[in-house]
Amino acid sequence: MMIRYFHSGQVCWANLNKSLLAKLRKKTGYTFANCKKALELHSNDLAKAEVWLKEQAQAQGWEKATKLEGRPTSQGLVAVLLDAAGRHGSMVEVNCETDFVARNRAFQSVVEGISEACLKYIQGAPTSTIHPFTKVHLDVDQLKQLPSAKGSSLADEVALAIHSVGENIVIRRAVGFKTREEDQELFLSGYIHPTPVTNVAAGTPLLGRYGALVVLKGGKDSEKEELLGRQLCQHIVGMNPLKVGGEGDEPAKDPEDEHCLLLQEYLLDPTTTVGHVLAENFLGVLDFTRFECGEEASEQHKIPESKAVKASN
């Protein structure tokens, strides 16, 4: 007697829509086997298969993130992002274990998303009613809870990235500035090193190993001021000043030991000082912040915030 067995549960491979499989793989980036399984479990329903894949990846990502937690992360990237008007800006540092992952496009995409989420938070943060600008510091717990563009938390996005790249990833720190709308003379400038090889559109995060954000006061020539602002940020990255400086600050005996920004020899023209360059161009510096990827806590220099306001969440 001949007995025949029939498959009555999951969808057979022969019945799978191969075009859906290709579409799901392209859209999600998950493996052939996982996409095939997702479509089988959900009877070729592309939307349900995609949700299932993301849920599985999220669970595996958190599992892997827990296993890798505590592993040293001395590599990574700094991201600087300004809005198109130059009125709001954010700078974040995200660390990973190796330079290889730091150059991975998946990791870079996560850093860009974190930078954009921080800028959005800063744009909506309370504005000082006393000072012309607000300085916003975000701690690690605040950063993890910020919503990403996909609606999930940044912590969830990092867990997915850990699952993807196989290394520990840590959102380390973030800072931002926002200026008051009525103070039209104020603007922000940002810089990243190494600088991008190609021009990056306004409103796009800049990625590198070093970054600087500066709050300037001007209003005479916006095009020229934009260039000078970037050059000043370049100086801050290269010369690592500890404070803006002002009345009462005496020049150091050795220019190499000078830590006041205004008294330092200008990086692009050592025959003059930063203060002279700013005065000649009717510019003033109100505050700045510099990040170096992987620097030790003891090496991070806190800038005086007499004119800054911390935003609490």
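For clarity, every value in this text was computed on a predicted model and none was experimentally measured. (Residues numbered from 1 in each chain as written. Predicted model: local features only at pLDDT ≥ 70, side-chain atom pairs only at ≥ 80, totals over all residues. Heavy atoms only, no water.)

1. Re unusual backbone geometry
Consideration 1: Cis peptide bonds are those with omega within 30 degrees of zero, and the linkage from histidine 193 to proline 194 qualifies with 0 degrees.
Consideration 2: Looking at the secondary structure, you find proline 194 in the loop between strand 5 (186-193) and strand 6 (206-208).
Consideration 3: Residue serine 43 is not a glycine yet carries a positive backbone phi of 50 degrees.
Consideration 4: Checked against the element boundaries, serine 43 lands in the loop between helix 2 (32-41) and helix 3 (46-68).
Consideration 5: Unusually for a residue other than glycine, asparagine 240 sits at a positive phi of about 50 degrees.
Consideration 6: Within the secondary structure, asparagine 240 is located in the loop between helix 8 (222-239) and strand 8 (265-266). (Helix = DSSP H or I, 4+ residues; strand = E, 2+ residues; numbered from the N terminus.)

2. Focus on the pairing of strand 5
Consideration 1: For strand 5, the buried fraction is high: 7 of the 8 residues fall into the buried class.
Consideration 2: The pairing of strand 5 with strand 7 (residues 210-217) spans 8 bridges and is antiparallel. Pairing of histidine 193 across the sheet is with tyrosine 210, part of strand 7. (Buried < 20%, exposed > 50% of the residue type's maximum accessible area, 1.4 Å probe, protein only. Pairing = 2+ DSSP bridges.)

3. Notes on the sheet that holds strand 5
Consideration 1: The antiparallel open sheet is built from 3 strands, whose spatial order is 5-7-10. Two strands lie at the open edges of the sheet, namely strand 5 and strand 10 (284-292), each paired on one side alone. Averaged over neighbouring strand pairs, the angle between their axes works out to 15 degrees when direction is ignored.
Consideration 2: Bridge count between strand 7 and strand 10: 8 bridges; the pairing is antiparallel. Following the sheet pairing, leucine 213 is matched in strand 10 by threonine 289.
Consideration 3: Contacts from helix 8 reach strand 5, strand 7 and strand 10, with the element oriented near 50 degrees to strand 5. (Axes fitted to C-alpha atoms, helices over the stretch in contact; angles between N-to-C directions. Contact = heavy atoms within 4.5 Å.)

4. A closer look at the side chain of serine 189
Consideration 1: With respect to the element layout, serine 189 can be found in strand 5.
Consideration 2: Once residues lying within four places of it in the same chain are set aside, the contact partners of serine 189 are Leu82, Ala212, Leu213, Val214, Leu216, Glu226, Gly229, Arg230 and Cys233.

5. With respect to helix 8
Consideration 1: If you check helix 8, its first and last C-alpha atoms are 25 Å apart, about what 18 residues at 1.5 Å a residue would give, namely 26 Å.
Consideration 2: In the core, the buried residues of helix 8 are packed alongside strand 5, strand 7, strand 8, helix 9 (274-280) and strand 10.
Consideration 3: One or two steps after helix 8, the chain reaches asparagine 240, where phi turns positive at roughly 50 degrees. (Expected span 1.5 Å × (residues − 1).)

6. Structural notes on the sheet that holds strand 1 (residues 75-82)
Consideration 1: Taken together, the 5 strands give an open sheet; going across it, the order is 3-4-2-1-6, and neighbouring strands pair in antiparallel fashion. This sheet does not close on itself; its edge strands, each paired only once, are strand 3 (133-138) and strand 6. Taking each pair of neighbouring strands and ignoring which way they run, the sheet shows an average axis angle of 15 degrees.
Consideration 2: Bridge count for strand 1 against strand 2 (residues 88-96) is 8 bridges, and the pairing is antiparallel. Looking at strand 2, one finds that leucine 82 is bridged to glycine 89.
Consideration 3: Lying on the sheet, helix 5 (residues 105-124) is in contact with strand 1, strand 2, strand 3, strand 4 (170-179) and strand 6; it crosses strand 2 at an angle near 145 degrees.

7. Section: empty space enclosed by the protein
Consideration 1: Applying the stated criterion across every chain, the model contains 1 cavity of 30 Å³ or more.
Consideration 2: Computed from the structure, the largest cavity encloses a volume of approximately 50 Å³.
Consideration 3: Lining the largest cavity are Leu228, Leu232, Tyr266, Val274, Val277, Leu278 and Leu283.
Consideration 4: Elements with a contribution of two residues or more to the lining of the largest cavity: helix 8 and helix 9.
Consideration 5: Considering every element that reaches the lining of the largest cavity, the biggest residue donor is helix 9, with 3 residues. (1 Å grid on protein atoms, 1.4 Å probe; cavity = no way out; pocket = protein on both sides within 12 Å on 5 of 7 lines; lining within 4 Å. Points joined across faces, edges and corners; volume = space filled by probe spheres on them.)

8. Examining a nonpolar patch on the surface
Consideration 1: Judged by side-chain polarity, Met239, Leu267 and Leu268 come together as a nonpolar surface patch covering roughly 220 Å² of accessible area.
Consideration 2: With respect to the helices and strands, the residue leucine 268 is situated in the loop between strand 8 and strand 9 (269-273). (Patch = residues over 30% accessible without salt bridge, like charges linked within 9 Å, V, L, I, M, F, W, Y side chains within 5 Å. Areas by Shrake-Rupley, 256 points an atom, 1.4 Å probe, with all protein chains shown as cover. Salt bridge = Lys/Arg side-chain N within 4 Å of Asp/Glu carboxyl O.)

9. Focus: the nonpolar core
Consideration 1: Phe107, Ile114, Cys118 and Ile169 are the most contacted members of the largest nonpolar core, which totals 30 residues.
Consideration 2: Sorting the residues of this core by element identifies strand 1, strand 2, helix 4 (99-102), helix 5, strand 3, helix 7 (154-165) and strand 4 as the ones contributing at least two each.
Consideration 3: Here this core takes 8 residues from helix 5, the largest share from any one element.
Consideration 4: When residues no more than four places from it in sequence are discounted, the contact partners of phenylalanine 107 are Gly76, Leu77, Val94, Asn95, Cys96, Val101, Ala102 and Ile169. (Core = buried A, V, L, I, M, F, W, Y, C linked by side-chain atoms within 4.5 Å.)

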